[in-house]
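Chains, contacts and geometry: an overview
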Protein chains: 4
Amino acid sequence: MKPQRKLPPFLDKPHEECGVLGIYEKEGNDVAKSLYYGLFALQHRGQASAGIAVNNNAEIRQIKDKGLVGEIFNVENLASLKGNIGVGHVRYAKEADEPRENAQPIVTRYCKGSLTLAHNGNILNSSALKDELLAKGAVFQSTSEIEVIMHLLAVARIHSHSVENAVKKVMTQIEGAYSMVIMSPRKLLAVRDPKGFRPLCIGKTQGGGYAISSESAGLDAMNAEFVRDVEPGEIVVIEQDKLTSHKDFCGKKPSLCIFEYIYFARPDSIIDGVGVYNTRIEIGKSLARAYPVDADIVIGVPDSGLNFAHGFSEESRIPFGDGLVRNRYTGRTFIRQTQAERDLAVNLKLNALRPNLEGKRVVLIDDSIVRGTTTANLIRLLKRNGAKEVHIRIGSPPFMWPCHFGTDIPDKKHLFAVKYPQEKMCAQLGADSLGFLSADEIKNIGLRNNFGYCDACFSGKYPVKV
Amino acid sequence: MKPQRKLPPFLDKPHEECGVLGIYEKEGNDVAKSLYYGLFALQHRGQASAGIAVNNNAEIRQIKDKGLVGEIFNVENLASLKGNIGVGHVRYAKEADEPRENAQPIVTRYCKGSLTLAHNGNILNSSALKDELLAKGAVFQSTSEIEVIMHLLAVARIHSHSVENAVKKVMTQIEGAYSMVIMSPRKLLAVRDPKGFRPLCIGKTQGGGYAISSESAGLDAMNAEFVRDVEPGEIVVIEQDKLTSHKDFCGKKPSLCIFEYIYFARPDSIIDGVGVYNTRIEIGKSLARAYPVDADIVIGVPDSGLNFAHGFSEESRIPFGDGLVRNRYTGRTFIRQTQAERDLAVNLKLNALRPNLEGKRVVLIDDSIVRGTTTANLIRLLKRNGAKEVHIRIGSPPFMWPCHFGTDIPDKKHLFAVKYPQEKMCAQLGADSLGFLSADEIKNIGLRNNFGYCDACFSGKYPVKV
Amino acid sequence: MKPQRKLPPFLDKPHEECGVLGIYEKEGNDVAKSLYYGLFALQHRGQASAGIAVNNNAEIRQIKDKGLVGEIFNVENLASLKGNIGVGHVRYAKEADEPRENAQPIVTRYCKGSLTLAHNGNILNSSALKDELLAKGAVFQSTSEIEVIMHLLAVARIHSHSVENAVKKVMTQIEGAYSMVIMSPRKLLAVRDPKGFRPLCIGKTQGGGYAISSESAGLDAMNAEFVRDVEPGEIVVIEQDKLTSHKDFCGKKPSLCIFEYIYFARPDSIIDGVGVYNTRIEIGKSLARAYPVDADIVIGVPDSGLNFAHGFSEESRIPFGDGLVRNRYTGRTFIRQTQAERDLAVNLKLNALRPNLEGKRVVLIDDSIVRGTTTANLIRLLKRNGAKEVHIRIGSPPFMWPCHFGTDIPDKKHLFAVKYPQEKMCAQLGADSLGFLSADEIKNIGLRNNFGYCDACFSGKYPVKV
Amino acid sequence: MKPQRKLPPFLDKPHEECGVLGIYEKEGNDVAKSLYYGLFALQHRGQASAGIAVNNNAEIRQIKDKGLVGEIFNVENLASLKGNIGVGHVRYAKEADEPRENAQPIVTRYCKGSLTLAHNGNILNSSALKDELLAKGAVFQSTSEIEVIMHLLAVARIHSHSVENAVKKVMTQIEGAYSMVIMSPRKLLAVRDPKGFRPLCIGKTQGGGYAISSESAGLDAMNAEFVRDVEPGEIVVIEQDKLTSHKDFCGKKPSLCIFEYIYFARPDSIIDGVGVYNTRIEIGKSLARAYPVDADIVIGVPDSGLNFAHGFSEESRIPFGDGLVRNRYTGRTFIRQTQAERDLAVNLKLNALRPNLEGKRVVLIDDSIVRGTTTANLIRLLKRNGAKEVHIRIGSPPFMWPCHFGTDIPDKKHLFAVKYPQEKMCAQLGADSLGFLSADEIKNIGLRNNFGYCDACFSGKYPVKV
């Protein structure tokens, strides 16, 4: 019935795979609408499916489907979601026709009643764990790794005094990246893997309750005040108006995904103590220092490239200007069939602003290059509209390696930086010069010295064995 | 998105809860379209959801959703269901908002690969079995009892040499009514409980393969030739073009639901050796013998009452005529809000044929009375259109007891025969006389002497402990 | 969005092209729901589009669309149709993709305010009239002939004292078949052409108002009591609770479409003083007298053939029985692509009832033969299910001529009776004998001697020059 | 079926009422897809309905509906629109439930065959003209003034040798604002009223044909090269590959809507010789000169306010920064019921970027203030996120007067500048200072001296009698 999802999306970027939310209000206060608002704020983390599950005195109601938050929920079905504890999820799908069963949260019944789970990350050993469970008689209804965690929790809970103890047991079994929200009949848990690959933070709601969100911008949307990040390895347990913390797995050197700062997260989010917007401004400045150029105007690829461009302009003193205008209406339903149409589609989504380009030497800033085709298209567009020179500056190092921690990057063979040796990249794009943020520069963009970050997609240095 | 299902449906009747299909063709022959045709033929057994799962070299594809067969499937999605083995299912939902997760077939992965199941019936001890499984760490994602069977099969399969052996093990654990189709990576199984509560039969397809269907009319629609019924207690295993039979659980006195003959099944189906149409004609004759009346015309409530009326007419020599015209277009979408509108709705669905009623003494035949409201409405309608007398003859005994074997009958407190003592029934309906088929008469309607039938909803005599 | 209409429909029949409704209640009483009920009852007269327009103190609101009545209207949009005067329409479309603009009623503004029109029939000289109007500067927005009438009314109204006088003027201009309902700011008119090709009748509502309907069954559905037919040539004007009649154009010999009795109209309708059901019974009897046969069972093609079959059985004393079971769920959404699938589709829509056929000599009664393909398919189906002989009896003469008065009959070259000489028809169908109702017999089926009927599609004798 | 349009839209702004497109390619080249791309580019000019009509050898096909371009068109229905001449339209609806009949283009048949029209503007004397037409017997099917033009054209064409002559005749009858595209069986016309209230321009397509568009950005999207603007008063006639111009009505002092530059048009459009982007930068500079302020950061309300903010920053040397982050996903489907939810909705659509606000004196630039509620909400949001001072600068004078030329401005009583005297505005908004662009400053923002502009909504000086 729904228009078919056209994946991969229009501008080729790596993809964050999920966003999670949790909320625990005082009894009698429905949380579905807050989760709905929060999911809107996290929609950029996943556009394939969305879901909300709420808990009303241990009775669970749930709505989830393929589609955008605004397509799935309406006044009527939100009103039917009665309950003061809740979990929300948005999901990115690697494949266009991923089954609806993979939508989250997943609600199951286990020995202690209902168990609801929403997850962002990637479990490295899920396949081996699944085989073990199958050998013991388990059945699986989806291809989602979250079902593996569900089974482990159910088994662990039999011999544990509490759901948090069961979680601890499971944390000794699973490896990889996971920022999860878990809802039991009476508790809401937030769990972050010991390396803290994916962000997760805690807020205080207007009603005196607690909220959990992948990003602080999700808390803003739920009208909740940011309290602090969930620590890597921490288990946070919320029950009534009490929040307790279990830090058995804390203390490791963290490996927060650096691409959250570069592209994934919203600029208005603050993650593990560092503002995303500020980081992007600093990246722009770094690029200006590392690759100075004599030019007339600095422009950014909307929307993400604009922050970088502002930083570059500030540092280089080359004036910032709008060079590309984004059409807000060319969404997923846009029809592109032939290659000519796809090329045209770039012009439709991003039109050039000729007055700012004609006869000018242009610095064009983008956050990353994945396949390179969009960048080449944009350079052609700018030159066709009068740009004398186009100098490309990219706010991240070249993508070279796959991610195993919850980011969807195309096959190595499609990666621009893998396909072309460094000296041929510029010519391949049709640019007049090209500069990538170097891996070294990353230490100068305002991140914390006393923290740790994963840049394996650029460096190949994986923080855990994969 | 879909128009909300308006349950209970228009004319109050008991409800069959499911229809199942299976098919195994030679490799390379897709079976989805055959299942689609078959589901159309079984649509009367369940209108809440429908699904098809097909097996292409052990890879399973599935489409299922809430709604009618014709709403769920289309040329495109049927074409995507590649595979030469398949399972189909239509489902009746007790509650209007039953979760989509309960739609069948259910496809799971267990230790030996995929496992697909479609079920018609009711497992008496599913709750106890579920508790045992939960205590061992199992998780459940729906409220459907079929998930319990899935778990049992997965556990049994670990210690069994074959899926059919696992099924045998499970048959020692589950009690109640079940006519199931099971698809493993390489086999298709048909399983019927030892009492044979629900029908299930085997056909031979044009392509030389085998088909399984709840009713023989389903085989006709799949262009398959009826071969024989699955015996109560039998496990039928189809692999390639070979059919083998396991009769470890055969030999008990059967308890086939007698209401299949009275109302559920299609008149063109033949169940356990007895034609449904013939039975209905015989019931009409029995009624004529048991409750003779001096009248001018015999009419039936369309569509099910017409067969009875023909039998009554034949035996009584009172001419048959059409007294009620059914509007084919007043489906589930019909809007009824107030009581006045509901009354009017009866007139819309069934209009009276005044020329056949005016000044006449009318015998009106229906298959059953559940709540009694529709019958009373119809009598009013007939009298308003000139009927001088209305004599009601019902092709089944009064409903008095709940069914535990897969039929949905309203709460006892809503049952007409429970609410009103026999002597007040006729007046309550506004009829001039009233006759129910007596439980004794059932032996005279053409059923088999050497078989067994369940009439617990009329007699309260349950064939197994409940 | 909507599933594409699959025309021509499943069983090939001629098509009635429209049904019309009107209602005038006391001020403050909304009529939309009554029209909605009435349209359900007239749905058989047109399934391509439906519409309702209501008048609230001269303010008109309207909802119309392609689709079935139950698909177009819902609680919300019906509630938005406030008004105590109203017009309803169902429409059959000759072409699958007829523009939505052709849906009726058509609401326009003319010199005296709003003008709403719903029409059933065919204006013979509409093309010439349109050309005249175009030459004077008129613009047309649809291909519907009703727009021509609208323009004529608007022009006529300038020089007329009342809308009824404008209608009289227009009746001198238009030729052909028209049963119309017209709503002006304060009046509701029912107009029937002088030959009365299409039916139209008047009822009295429970609320003391008046209702107009193509068939009396539409009045029943609106809970209105049948008062009388609109006379051929009559203009009925309803204003407040007053009904006046203008008979300037009455008195000609009528030419009511005889096919209304044979196939189009509901059996529970009474048209121009003759009951449709009775006529069908009499046709069955006539067939029995005209084409006696030694047979074991008389069966009818559901649903329309059943009445004929009952009549045939009564006259011939050959027992009636069900030989074909209709599947109620194979609607327009049924998928048929290849010829094999179309053949199979017949089996799905109509399954044979083998117990009534096996070894028997069968008389199969249908209302008409258009292309002949369905009949041939049914004969094959019956023989495959054991019928020893199949004798076809058709309740109408062979179709030979096009209809110019509002019925859609396929091109002459597709007509069975045109393609095959009489002596080859039986063999072509694969029947053992074949009998059509003769044109002469029509006088013996209970129609009125003092009335007139059009049978041009059989006889080629058109009642007006075409 | 479609989600109900929630009007008025989220951020209260005046509304452009339409966008028009035309294209004429060589025979055999379908134009539907080009129009589709062009409509995407003009979507900001109207989101209520959209339509395309194409001409294939004088046969017209059309698709139009309520909704966004991306919702209405798909691969299949675009492919069905065969034809080498075409017209496109997007429409803003003043009322949420405006009838579908008002969607454009409107296709009619008149004396010379088909006539298709798409219109942007407002005919001042349409009501009087309509009355005249009604008095002569015309009928109208919509409330759209475009139907009046259609009738006038049809009447005029009778006595004219060509459609362009008919247009000339009509231009002597109609008064007001109109930028129209007209398609006859063999010609495509572009017509702009003598005052040139609304923009309209001509392009040359890749295929050697001609294109017409409300804005030059529409030409870019159709891959057509901008040639020139249609002159105020000009009639452009395209036939085959020939473009001729009729300037009988040219030469008046133009009155182009100045709000096209301030808010309506895309920044990448060039209108009547002036770039929209440049104008907005200049407005920002003017504001900086007119209302200097000691501040730490200049921010704009996305998206339209950003250009102004860049200009302000450039002139004032106060650094530009992002202060508000726009959520791309909160479209029309966003649920807001209570006032609290509406306030929250502002936060969702625009979240504050605390790092850029905390402790800072902020200059916030927006294009206009209509009701003032959104501005007040934003100021609260900024202060809640740490802004020490918020200084509002508005890129247009205060709205005081209704527009009669195709812009939808709320009733006077709702206008902020009408409700509050100038000295109370700042306090009412909760701002620390407030400056509107003065009417005088408009001459310094880069517009043409030798042209004319309408600023009646600010000044009350209407360029024609209203």
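The notes below deal with the structure included here. All values reported here derive from a predicted model rather than from experimental measurement.

From N to C terminus, chain A includes 15 helices and 25 strands. Its C-alpha radius of gyration of 23 Å places chain A within 12% of the 23 Å reference for a compact globule of 466 residues. Expressed as lengths along the three principal axes of its C-alpha atoms, the size of chain A is roughly 70 × 45 × 45 Å. Evaluated residue by residue, chain A yields a buried proportion of 64% over its 466 residues. A fraction of 70% describes how many contacts in chain A between residues 6 or more apart in sequence connect residues 24 or more apart. Carbon and sulfur atoms form 48% of the exposed surface of chain A, whose accessible area is close to 16700 Å².

What connects the two chain copies is a rotation about an axis and a shift along it. Mapping chain B onto chain C calls for a screw motion: a turn of 180 degrees about the axis and a shift of 0.0 Å along it, with 0.0 Å RMSD after fitting. Put plainly, the chains are arranged around a two-fold axis. Taking the C-alpha atom as reference, chain B places Arg-328 of chain B closest to the rotation axis, 4.0 Å from it.

Moving on, we come to the pattern of salt bridges. Residue and element names in this part refer to chain A. In total, this model carries 83 salt bridges over all chains according to the counting rule given. For Arg-45, the salt bridge identified is with Glu-260, shortest N-O distance 2.9 Å. Here Glu-260 lies in helix 8 (residues 259-264) and Arg-45 lies in the loop between helix 1 (32-42) and strand 3 (49-56), a separation of 215 residues in the sequence. In this structure Arg-45 comes out as buried when scored by relative accessible area, which is 1%. On the basis of relative accessibility, which here comes to 0%, the residue Glu-260 falls in the buried class.

Residues and elements named next belong to chain C. In terms of nonpolar packing, the biggest core is built from 37 residues, with Tyr-261, Phe-312, Ile-365, Phe-399, Leu-447 and Tyr-453 touching the most fellow members. For this core, the secondary-structure elements that each account for two or more residues are strand 15 (256-257), helix 8 (259-264), helix 9 (276-290), helix 10 (304-316), strand 21 (361-366) and helix 15 (456-459). The contacts of Leu-447, once residues within four sequence positions are left out, are Ile-258, Tyr-261, Val-274, Thr-279, Ile-442 and Tyr-453.

Let's shift gears to the environment of Asn-356 of chain B. With respect to the element layout, Asn-356 of chain B can be found in the loop between strand 20 (350-352) and strand 21 (361-366). Here the alpha-carbon distance between Asn-356 of chain B and Asp-322 of chain B, two residues 34 residues apart in the chain, equals 7.0 Å. When sequence neighbours within four positions are dropped, the list of residues in contact with Asn-356 of chain B reads Ile-297, Gly-321 and Asp-322 of chain B together with Tyr-277 of chain C. Among the polar contacts listed, one links the side chain of Asn-356 of chain B to the backbone oxygen of Asp-322 of chain B, at a separation of 2.6 Å.

Facing 45 residues of chain B, the contacting portion of chain C comprises 45 residues. A buried area of about 4100 Å², summed over both sides, lies between chain B and chain C, and 60% of it is on carbon and sulfur atoms. Inspection of the chain B/chain C interface yields twelve residue pairs in polar contact (both at pLDDT 80 or more). With five residues, helix 1 (residues 32-42) of chain B is the largest single contributor of residues to the side of chain B that touches chain C.

With respect to C-alpha atoms, chain A approaches chain C no nearer than 8 Å, and the pair has no contact. The two units chain B and chain D remain apart, with a minimum C-alpha distance of 8 Å.

Cut-off values and rules
- Residues numbered from 1 in each chain as written.
- Chains lettered and ligands numbered in written order.
- Predicted model: local features only at pLDDT ≥ 70, side-chain atom pairs only at ≥ 80, totals over all residues.
- Heavy atoms only, no water.
- Helix = DSSP H or I, 4+ residues; strand = E, 2+ residues; numbered from the N terminus.
- Rg over C-alpha atoms; globule rule 2.2 N^0.38 Å.
- Buried < 20%, exposed > 50% of the residue type's maximum accessible area, 1.4 Å probe, protein only.
- Contact = heavy atoms within 4.5 Å.
- Areas by Shrake-Rupley, 256 points an atom, 1.4 Å probe, with all protein chains shown as cover.
- Least-squares fit on C-alpha atoms with pLDDT ≥ 70 in both.
- Salt bridge = Lys/Arg side-chain N within 4 Å of Asp/Glu carboxyl O.
- Core = buried A, V, L, I, M, F, W, Y, C linked by side-chain atoms within 4.5 Å.
- Polar contact = N/O pair within 3.5 Å; in protein donor to acceptor, adjacent residues only side chain to side chain.
- Buried area = accessible area lost by both parts, 1.4 Å probe.

Just distances and angles here, no functional claims.
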